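Given next are the chains, with one letter for each unit.
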Amino acid sequence: MADLATEATEATAPVVDPTNWTCPAPLRDQPVVVMGHGGGGALSAELIEQVFAPAYGNPTLAALTDSAVLGLGGARLAFSTDSYVVRPLFFPGGSLGDLAVNGTVNDLAMSGARPAYLSTAFILEEGVELAVVERVAWAVGAAAEAAGVIVATGDTKVVESGHGDGVYVTTAGVGLVPDGVDIRPQRARPGDAVIVSGPIGLHGVAIMSVREGLEFGVEITSDTAPLADLVAEMLAVTKDVHVLRDPTRGGLGASLNEIARASGTGVRLSERAVPVPDEVANACGFLGLDPLYVANEGRLVAFVPPEHADAVLAAMRAHPQGAGAARIGECVAEHPGMVVVSTGLGGTRVVDLPLGEQLPRIC
């Protein structure tokens, strides 16, 4: 009887198909696109290096910076483009429209440029309410005005119902780079002070809390904001800022790894110096996330020569978008291409480049 029961159980057991499983750290030999390819981590880098860079191959693209710096008609232009697929469209502190403007404005600013003009392209799903589209469009207009840029051109396409997710927006932007400014990850040097402009992790946790219906006792709002004015204040102190990066997808950890690898230097952080708000730390602790990998949309990380670090930090703290700025570490000659953090317990841990994204579709 026991044998018969065993046979019956085996006959009715569901067939487990591992190919339908999902994992926050997907396999790296996937023959198809996985969510991790859009996460800003190692899979994103591999997609660029193995698919797009060989197809487009040219010296301008090879720098792989947030925005390309181009010589045109005697001027130096920064040029950048980005797509925005955040879900939900509206969240505490911002919306898809805010991200579409601020994200591209900030990519331009990370080259030291003064952003001037944007384009917008809307991909709309059949059936989305026009009131939603209008709300996003007005958010774009308001964010552009706040950032001091002009939306000069655009495009609209519509896809069939079920082939989109309401509204997607792509923006491109151009700006002027001042003479004497050369900001790129390859310029990081041992001795540089590493400075972050404010508390990290707010945007990613804000998106997650709304998307998943989680409550953490207080409302967490996104930090989305334009950073060009803050960068201008920094450059007014010295044009010799070596590196700027806005740590969006993949968070601060991914940005620092990209800088370390591009420059062939190491980065050493002090865990206690990194400004992590209590609500972000609590949410990450509850969910098993590392705040260093949580996305930001209104923060920058700077590598500044040590002789200018104090003055630049003071200028940042005098600006609303840099009021919470902190010196969190330094660029070192040791362990080139790696980021390490000194923990509060006196140990050291490696902050590796994340494989995918802890929180997909946050921008």
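Residues numbered from 1 in each chain as written. Predicted model: local features only at pLDDT ≥ 70, side-chain atom pairs only at ≥ 80, totals over all residues. Heavy atoms only, no water.

Per an unreviewed UniProt entry, the chain goes by Hydrogenase expression/formation protein HypE and derives from Streptomyces echinatus. Recorded under Sequence similarities (unreviewed entry), the UniProt text for the chain is reproduced unchanged: "Belongs to the HypE family." (UniProt positions renumbered as here; feature names shortened; annotations may be inferred.)

Novice: Could you give an account of empty space enclosed by the protein, with specific residues and numbers?
Specialist: One pass over the structure, following the stated rule, counts one cavity of 30 Å³ or more. Along the walls of the largest cavity sit Thr65, Asp66, Ser67, Met110, Ser111, Ile183, Arg184, Pro185, Leu244 and Arg245, which together make up its complete lining. Of the residues assigned to the lining of the largest cavity, the class counts are four nonpolar, three polar and three charged. (1 Å grid on protein atoms, 1.4 Å probe; cavity = no way out; pocket = protein on both sides within 12 Å on 5 of 7 lines; lining within 4 Å. Points joined across faces, edges and corners; volume = space filled by probe spheres on them. Nonpolar A, V, L, I, M, F, W, Y, C, P; charged D, E, K, R; others polar.)

Novice: Give me the domain arrangement of the chain: which residues, what numbers.
Specialist: Domain annotation of the chain identifies domain 1 (74-176) and domain 2 (185-351). With 21 residues of domain 1 in contact, the opposing surface of domain 2 contributes 23 residues. For the pair domain 1 and domain 2, the summed buried area comes to about 1,800 Å², and 62% of that belongs to carbon and sulfur atoms. Of all residues in domain 1, Pro92, Asn106 and Met110 give up the largest surface area on contact with domain 2, accounting jointly for 34% of the area buried on that side. (Domains from an automatic or database assignment. Contact = heavy atoms within 4.5 Å. Buried area = accessible area lost by both parts, 1.4 Å probe.)

Novice: Can you lay out the sheet that holds strand β9 (residues 243-245) for me, pointing to particular residues and giving the numbers?
Specialist: As summarised here, the arrangement of the seven strands in space is β9-β11-β8-β12-β10-β13-β14, forming an open sheet in which the pairing is mixed. A single partner strand is all that each edge strand has here, and the edge strands are β9 and β14 (348-350). Direction aside, the axes of adjacent strands within the sheet are offset by 25° on average. Two strands pair when backbone bridges link them, and strand β10 (residues 266-270) and strand β12 (residues 326-332) are joined in this way by four bridges, in the antiparallel orientation. Counted as the bridge partner of Leu269 is Gly329 from β12. (Pairing = 2+ DSSP bridges. Helix = DSSP H or I, 4+ residues; strand = E, 2+ residues; numbered from the N terminus. Axes fitted to C-alpha atoms, helices over the stretch in contact; angles between N-to-C directions.)

Novice: Any chance you could break down the packing of helix α4 (residues 96-109) against helix α5 (residues 130-147) for me, citing the residues and the numbers?
Specialist: Between α4 and α5, the least distance of the axes is 7 Å, while the angle of their chain directions is 35°. The hand of the α4/α5 crossing is right-handed. Taken together, the residues of α5 that come into contact with α4 (itself represented by Leu96, Gly97, Asp98, Val101, Asn102 and Val105) are Val136, Ala139, Val140, Ala143, Ala144 and Ala147. Its residues assigned to classes, the contact of α4 with α5 comprises nine nonpolar, two polar and one charged. (Left-handed = near helix turned anticlockwise from the far one by under 90°.)

Novice: Please give an account of α4 that cites residues and values.
Specialist: Note: α-helices contain 3.6 residues per turn, so residues at a spacing of three or four share the same orientation. Here α4 spans 20 Å end to end across 14 residues, near enough to the 20 Å set by a 1.5 Å rise per residue. Most of α4 sits out of view: 13 of its 14 residues are buried. (Expected span 1.5 Å × (residues − 1). Buried < 20%, exposed > 50% of the residue type's maximum accessible area, 1.4 Å probe, protein only.)

Novice: Now, about the packing of aromatic side chains: what can you tell me, with residues and values included?
Specialist: Scanning the entire structure with this criterion turns up one aromatic pair. Here the basic side chain of Arg135 rests over the ring of Phe90, its NZ or CZ set 3.7 Å away from the ring centre. (Phe/Tyr/Trp six-rings, centres within 6.5 Å; stacked < 30°, edge-to-face > 60°. Lys NZ or Arg CZ within 6 Å of the ring centre and 35° of its normal.)

Novice: Pulling in residues and values, what's your account of the UniProt feature "domain: PurM-like C-terminal" (unreviewed entry) in the chain?
Specialist: Taking the UniProt record as the reference, the feature "domain: PurM-like C-terminal" (unreviewed entry) is found at residues 189-335. With 38% helix and 16% strand, residues 189-335 has end C-alpha atoms that lie 13 Å from one another.

Novice: Which residues make up the confidence of the model for the chain, and what are the values?
Specialist: Confidence in the prediction of the chain, expressed as mean pLDDT, is 89, and 91% of residues score 70 or more. Low confidence marks residues 1-24, where pLDDT is under 50. Its contacts with residues over four positions away, or in another chain, come to one contact. (pLDDT = per-residue confidence, 0-100.)

Novice: So what's going on with unusual backbone geometry? Residues and values would help.
Specialist: Here the bond from Arg87 into Pro88 is cis, since omega is 5°, no more than 30 degrees from zero. Phi is positive for His335, which is not a glycine, with a value near 35°. Tracing the backbone shows His335 in the loop between β12 and β13 (339-342). Residue His335 is classed as partly exposed on the basis of its relative accessible area, which comes to 24%.

Novice: I'd like to hear about a nonpolar patch on the surface, residue by residue, with values.
Specialist: Together, Ile48, Val51, Phe52, Tyr56, Leu61 and Leu64 make up an exposed nonpolar region whose accessible area comes to about 510 Å². Broken down by element, the residue count for the nonpolar patch peaks at four residues, all from helix α2 (residues 42-56). Within the secondary structure, Leu64 is located in the loop between α3 (59-62) and β1 (68-72). (Patch = residues over 30% accessible without salt bridge, like charges linked within 9 Å, V, L, I, M, F, W, Y side chains within 5 Å. Areas by Shrake-Rupley, 256 points an atom, 1.4 Å probe, with all protein chains shown as cover. Salt bridge = Lys/Arg side-chain N within 4 Å of Asp/Glu carboxyl O.)

Novice: Outline the nonpolar core, supporting the account with residue identities and numerical values.
Specialist: Counting 63 residues, the largest nonpolar core has Val101, Leu244 and Leu300 as its most contacted members. Each of domain 1 (74-176) and domain 2 (185-351) contributes no fewer than three residues to this core. By size, the runner-up hydrophobic cluster in this structure holds 22 residues, among which are Ala188, Leu252, Leu292 and Val301. (Core = buried A, V, L, I, M, F, W, Y, C linked by side-chain atoms within 4.5 Å.)

Novice: Requested: an account of the environment of Ala146, with residues and values cited.
Specialist: Counting through the fold element by element, Ala146 comes out in helix α5. We classify Ala146 as exposed; its relative accessible area is 60%. Expressed as a C-alpha distance, the spacing of Ala146 and Asn102, which sit 44 residues apart in the sequence, is 9.5 Å.

Novice: Let's hear about the state of the cysteines: which residues, and what values?
Specialist: Think of a disulfide as a covalent bridge from one cysteine sulfur atom to another cysteine sulfur atom. This structure, assessed with the given rule, holds zero disulfides. Counting only cysteine sulfurs, Cys363 is the nearest neighbor of Cys284, a cysteine outside any disulfide, at a range of 17 Å. With relative accessibility at 11%, the residue Cys363 sits in the buried group. (Disulfide = S-S within 2.5 Å.)

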